[in-house]
Amino acid sequence: MAKMMGPRFKQSRRLGLNVCGHPKAMNRAGRGTARSDKKLTEYGKQLLEKQRLRAYYGVMEKQFFRYVTEAQKAEEETGPALVKRLEVRLDNLTYRMGFASSIRQARQMVTHGHIHVNGKKINIPSYRVEVGDVISLSERGRKVDMFKENFENNFVNSYPYITKEKNNKATLSSEPAREDIPVEIEDQLIVEFYSGK
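Remember, predicted model here, so these are calculated numbers, not experimental data.

1. Points about the overall build of the protein chain
Then, number 1: Across its full length, the protein chain holds 9 helices and 5 strands.
Then, number 2: Element order for the protein chain, N to C, with α for helix and β for strand: α-α-α-α-α-α-β-β-β-α-α-β-β-α.
Then, number 3: Looking at the protein chain as a whole, 46% of its 197 residues are labelled buried.
Then, number 4: Sequence-distant contacts, at least 24 apart, represent 55% of the contacts inside the protein chain between residues at least 6 apart.

Pasting the structure below:
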C-alpha cells in the first residue's frame, strides 16, 4: 500500500500550511520557506492547493484523482463534494474522533485492526464511512493506554457531524457540511486544476 512518507514539518513549511495538525509544525516557518511566498502563476496556485489538500488527508495522486472524478459526477459543486468524500475516509474520521493524535497514527491504527465499524474490524484506511456508522476501538485497541488517552483528552474537541460517547465510541451522525470541515483550502482552484487537463 503506497502512502505519503517524509518529514511532516518540512512538508507543512513548504506548503505554507499546517497539514499534519501538530502544534509545532510551523515553528520554523519564515519568509521564503513556503511556495506561496514566491510569485506563482495561476497554474502554480492551483497545483499548490491540490498538493495541500492531498497532504491534509495523506492521499497519493492516483487515488486523489479517483476522488476528483467521483466528485465531478456528484450532484453538488465539485469542490465541496471532493472535500466531503475525503472527510468520511475511515482513517480521517478515526483522527477527527480523537482516537489518534495524527492522521498517520490513525492510518496505522486502521491497518493494524484496532478500529471497528459497527462492530466489524475494517483495516482499509480509505473505507467510506456512512452516516449512522459507529466507530469504536477493538478489544485489543482498548488495552492500549495511548489510544484511550487520546480519545479522553480530545473528548471536548468535536465537530457538528460527529457524536462521541464515553465508552470509546463515536458516530458519524450527519453528512459533513463543507463549512464545518476544518480544511483551509480554496476548493475552486483544485477544480480548475483538473478541468484544465
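Picking up after the structure, the text goes on.
2. Some remarks on the environment of F151
Then, number 1: Residue placement: F151 occurs in helix α8 (residues 145–153).
Then, number 2: Along the sequence, F151 and K166 sit 15 residues apart, while their C-alpha atoms lie 9.0 Å from each other.

3. Topic: the side chain of T171
Then, number 1: Within the element layout of this structure, T171 appears in strand β5 (residues 169–172).
Then, number 2: Each residue touching T171, except ones within four places of it in the same chain, is listed here: M97, G132, D133, V134, Y161, I162, T163 and E165.

4. Comments concerning the pattern of salt bridges
Then, number 1: This structure, assessed with the given rule, holds 13 salt bridges.
Then, number 2: The partner of R96 in a salt bridge is E87, with the nearest N and O atoms 2.6 Å apart. Here R96 matches E87 in class, with each residue buried.
Then, number 3: A salt bridge links R89 to D91; the shortest N-O distance between them is 3.0 Å.
Then, number 4: On the basis of relative accessibility, which here comes to 2%, the residue R89 falls in the buried class.
Then, number 5: Counted as one network, the salt bridges with shared partners bring together K50, R54 and E61.

Conventions adopted
- Residues numbered from 1 in each chain as written.
- Predicted model: local features only at pLDDT ≥ 70, side-chain atom pairs only at ≥ 80, totals over all residues.
- Heavy atoms only, no water.
- Helix = DSSP H or I, 4+ residues; strand = E, 2+ residues; numbered from the N terminus.
- Buried < 20%, exposed > 50% of the residue type's maximum accessible area, 1.4 Å probe, protein only.
- Contact = heavy atoms within 4.5 Å.
- Salt bridge = Lys/Arg side-chain N within 4 Å of Asp/Glu carboxyl O.

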